[in-house]
Amino acid sequence: MKHWLEESIFYEIYPQSFCDSNGDGIGDFQGIIGKLDYIKDLGCNALWLNPCYLSPFGDAGYDVQDYCQAAPRYGTNEELTQLFDEAHSRGMHVILDLVPGHTSTEHPWFKESCKAEPNQYWGRYIWSDNIWVDVAGHAGIAGSLRGLYPRNGSVAVNFFSNQPALNYGFANVTQPWQSAVDSAEALETRQAMKDAMAFWLSRGCDGFRVDMAGSLVKNDPDSVETIRLWQDVRDFLDQSFPDAVLISEWGEPDKSLMGGFHMDFLLHFGPSHYMDLFRCEHPYFSREGKGDASSFVETYMRNYRLTNNRGMICIPSGNHDMERIRKYLDCEELKMVYAFLMSMPGVPFVYYGDEIGMRHLSLFSVEGGYDRTGARTPMQWDDGKNYGFSDAPAEKLYTVQDGAEDAPIVSRQMAEPDSLWHEIQKLAGIRREHPSLCASGEIEFVYCQPEKYPLVYLRSAGGSRILVALNPSGQEVSCPCPYEQREVLYTLGKEAGIEDGMLHVPGESAAFVAVE
Ligand code: NOJ
């Protein structure tokens with residue numbers, strides 16, 4: 001039987017900003033439940049929820065205070081379970097965000113570990129054995145906290161200073177205070193994380209997007225022990241929750257897939273060249289036609305081969321950590337972006353609001369968002385109060401909203417047949433109708449030259465082949481093409497055609513063509 005990921009298209013929900021059902025200015029579970037039909041109508045059949053656990057929200061929930069309790073501002077555990085059930089009854093799946101690398105400083109485990117007297121949680125975090133010995137500066141440790149707590153030692157942080165690093169051990173132990181990966185304390189941390197996973201999986205959650213998945217074991221230069229750790233987690237899941245899906249924020253699919261992850265995210269930082277396509281001075285998908293997709297394609301294909309052509313690399317339209325894509329491209333250009341996202345292998349992710357081209361706002365930091373805050377503003381549903389996001393007074397909203405006269409709005413785009421919203425809906429439908437366009441259909445690039453257009457690739461599965469030609473630039477372009485045209489499945493702009501071994505692609509047009 002086909003795995004549900006094969007035909008899935010994810011919709012990422014930043015719960016704070018999606019839909020507020022109780023008028024407190026912050027989104028919640030009931031708000032999400034009320035919009036499931038909307039998400040399905042758009043063409044997405046799976047959800048990724050950013051962390052929705054109890055938290056002081058110093059990093060928007062990526063600072064967990066209790067892995068097994070929903071944040072009261074979103075609702076109760078029962079309501080989150082209801083959300084899983086409601087999604088399942090519509091044939092949709094829901095993954096939560098697992099943050100295994102660190103907790104909040106408010107987590108009871110951390111509070112115990114800070115005490116001067118040794119206790120059960122002393123080994124849960126990475127502490128030196130003396131305040132004068134700094135844990136910072138060791139491989140995999142982002143920084144340290146010193147002098148804040150009664151315990152005589154310094155403690156490692158994994159990201160921000162309010163995120164102490166959980167202790168999964170060191171691959172290469174070089175200091176007396178470092179635990180081995182198979183030490184009792186490191187294995188207890190691992191077990192605690194498995195327990196948290198089991199807690200939600202047994203309530204109907206379908207899996208996890210795993211935050212900083214490659215960061216758990218410290219001083220692990222080739223990730224050998226981190227991969228082993230995830231293999232052990234996968235073994236546990238295979239025994240108890242075999243259907244549980246794991247998707248990693250890692251950016252090295254060869255490693256994460258070896259660790260048992262189903263898919264890995266293409267990251268906007270590091271070596272992926274993702275930004276060359278959508279977010280740089282001259283994005284490839286801009287109609288000015290000055291972009292370059294070749295480094296992206298080269299890196300993508302290297303990773304693709306490293307994963308034995310499994311292609312399980314997720315490409316997002318954006319996420320809560322990046323500037324909104326609309327900052328760089330207008331809604332017409334974005335249609336082409338979705339022709340790309342919906343025809344690539346792996347699983348596409350649509351970030352809430354990107355389906356209408358919500359803008360990136362310039363805002364002061366909210367909940368540790370800093371310059372990411374502008375991509376986290378409340379959803380713009382309709383022409384009503386607060387764009388239908390919430391009944392609260394405007395000053396109580398999670399952040400301010402786009403005040404522009406032409407701010408994109410869901411209800412308006414749904415009413416306009418040629419809107420970005422409808423283009424995405426159409427593309428999602430076409431993707432699902434054609435197995436070669438879905439997650440594991442193979443890909444081969446037919447034309448991709450430095451600083452040149454078009455971008456052409458072939459997707460294939462079970463003997464059927466679809467040629468995808470994308471020309472975001474304003475000029476008509478041509479390239480050699482060894483295939484015979486059978487049927488045009490999708491056109492954006494003017495129609496492309498294959499003639500005498502050449503593919504002609506009009507300016508600002510895209511085509512999916514069944515070929516022989
Ligand atoms: C990646 C998350 O996407 C980001 O929002 C968060 O701040 C860091 N990991 C730390 O958890």
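About the cut-offs
- Residues numbered from 1 in each chain as written.
- Predicted model: local features only at pLDDT ≥ 70, side-chain atom pairs only at ≥ 80, totals over all residues.
- Heavy atoms only, no water.
- Phe/Tyr/Trp six-rings, centres within 6.5 Å; stacked < 30°, edge-to-face > 60°.
- Helix = DSSP H or I, 4+ residues; strand = E, 2+ residues; numbered from the N terminus.
- Buried < 20%, exposed > 50% of the residue type's maximum accessible area, 1.4 Å probe, protein only.
- Pairing = 2+ DSSP bridges.
- Axes fitted to C-alpha atoms, helices over the stretch in contact; angles between N-to-C directions.
- Core = buried A, V, L, I, M, F, W, Y, C linked by side-chain atoms within 4.5 Å.
- Contact = heavy atoms within 4.5 Å.
- Expected span 1.5 Å × (residues − 1).
- Arc of directions from axis to C-beta.
- Parallel < 35°, antiparallel > 145°, perpendicular 65-115°, else oblique.
- Left-handed = near helix turned anticlockwise from the far one by under 90°.
- Near = heavy atom within 4 Å.
- Polar contact = N/O pair within 3.5 Å; in protein donor to acceptor, adjacent residues only side chain to side chain.
- Areas by Shrake-Rupley, 256 points an atom, 1.4 Å probe, with all protein chains shown as cover.
- Nonpolar A, V, L, I, M, F, W, Y, C, P; charged D, E, K, R; others polar.
- Salt bridge = Lys/Arg side-chain N within 4 Å of Asp/Glu carboxyl O.

**Student:** Describe the packing of aromatic side chains, and please don't skip the residues or the numbers.
**Tutor:** The final tally for this structure, using the stated rule, is 40 aromatic pairs. When the ring of phenylalanine 18 is compared with that of tryptophan 381, the centres are 5.1 Å apart and the planes differ by 75°; the resulting orientation is edge-to-face. Here phenylalanine 18 is found in the loop between strand E1 (10-13) and helix H1 (29-34), whereas its partner tryptophan 381 is found in the loop between strand E12 (348-351) and helix H11 (410-415), with 363 residues between them in sequence. Of the two residues, phenylalanine 18 and tryptophan 381, neither departs from the other in class, the shared state being buried. Considering the side-chain rings of tryptophan 127 and tyrosine 149, the 6.3 Å spacing of their centres and the 75° angle between planes classify their relative orientation as edge-to-face.

**Student:** For the sheet that holds E12, give the residues involved together with the corresponding values.
**Tutor:** An order of E1-E2-E5-E8-E9-E10-E11-E12 is seen for the eight strands of this closed barrel, with the pairing classed as parallel. For this sheet, the mean inter-axis angle between neighbouring strands, taken without regard to orientation, is 30°. Here strand E9 (residues 245-248) pairs with strand E10 (residues 263-265) via two bridges, running parallel. If you follow serine 248 over to E10, its bridge partner there is aspartate 264.

**Student:** Which residues make up the nonpolar core, and what are the values?
**Tutor:** Formed by 163 residues in total, the largest nonpolar core has its most connected members in Tyr11, Phe208 and Phe340. Take this core: its biggest share by element is eight residues, from helix H10 (residues 331-341). The residues contacting phenylalanine 208, other than those within four sequence positions of it, are Tyr53, Ile95, Leu96, Leu98, Met197, Trp200, Leu201, Val245, Leu246 and Ile247. Grouped together as the second largest cluster of nonpolar side chains are seven residues, Ile126, Ile141, Ala156 and Ala165 included.

**Student:** Before we move on, could you go through helix H3 (residues 77-89) and cite the residues and values that matter?
**Tutor:** In this model, H3 (13 residues) spans 18 Å end to end at C-alpha, consistent with the 18 Å of a helix rising 1.5 Å per residue. Every buried residue of H3 is listed here: Asn77, Leu80, Thr81, Leu83, Phe84 and Ala87. Considered in projection along H3, the buried side chains sweep an arc of 150° and stay on one side of the axis. The exposed set on the far side of H3, more than 90 degrees from its buried face, consists of Glu78 and Ser89.

**Student:** Please give an account of the packing of helix H5 (residues 184-201) against helix H6 (residues 224-240) that cites residues and values.
**Tutor:** Running from N to C, H5 and H6 point in directions that differ by 40°, and their axes come no closer than 11 Å. By the angle between their axes, H5 is oblique relative to H6. Taken as a pair, H5 and H6 cross one another with a handedness that is right-handed. Here H5 contributes Arg190, Lys194, Met197, Ala198 and Leu201 to the contact with H6, which in turn contributes Leu229, Asp232, Val233, Phe236 and Leu237.

**Student:** Could you give an account of the site of the ligand, with specific residues and numbers?
**Tutor:** Inspection of the region around the ligand gives Asp59, Tyr62, His102, Phe159, Arg209, Asp211, Met212, Glu249, His320, Asp321, Arg372 and Arg376 as its neighbouring residues. Histidine 320 is positioned with one of its side-chain polar atoms (N or O) 2.7 Å from an oxygen atom of the ligand. Aspartate 321 is positioned with one of its side-chain polar atoms (N or O) 2.5 Å from an oxygen atom of the ligand. Burial of the ligand by the protein amounts to 98% of the accessible area it has alone, namely 300 Å². Each residue belonging to the shell around the ligand can be placed in one class, and the counts come to three nonpolar, two polar and seven charged.

**Student:** Would you mind going over the packing of H10 against helix H12 (residues 420-433) in detail, with residue names and values included?
**Tutor:** In contact at an axis separation of 10 Å, H10 and H12 are set at 15° when each is read in the N-to-C sense. In terms of their interaxial angle, H10 and H12 are classed as roughly parallel. For the pair H10 and H12, the sense of crossing is right-handed. Of the residues in H12, those touching H10 at Cys331, Leu334, Lys335, Tyr338, Ala339 and Leu341 are Leu420, Glu423, Ile424, Leu427 and Arg431. Its residues assigned to classes, the contact of H10 with H12 comprises eight nonpolar, no polar and three charged.

**Student:** Explain the side chain of glutamate 333 residue by residue, including any values.
**Tutor:** Within the fold, glutamate 333 resides in helix H10. Using a relative accessible area of 9% as the deciding quantity, one classes glutamate 333 as buried. A polar contact is formed between the side chain of glutamate 333 and the backbone nitrogen of arginine 287, at a distance of 2.8 Å. Dropping the residues within four chain positions of it, glutamate 333 is found in contact with Phe285, Ser286, Arg287 and Tyr328.

**Student:** I'd like a description of the pattern of salt bridges, backed by residues and values.
**Tutor:** This model, assessed by the stated rule, comprises 28 salt bridges. Where lysine 111 meets glutamate 106, a salt bridge forms, and the shortest distance between an N and an O atom there is 3.3 Å. Residue lysine 111 is classed as partly exposed on the basis of its relative accessible area of 44%. Of the charged contacts in the structure, one is a salt bridge between aspartate 354 and arginine 324, with a shortest N-O distance of 2.9 Å. Of this pair, aspartate 354 sits in the loop between E12 and H11 while arginine 324 sits in the loop between strand E11 (313-316) and H10, and the two are 30 residues apart along the sequence.

That is the geometry; function is a separate question.
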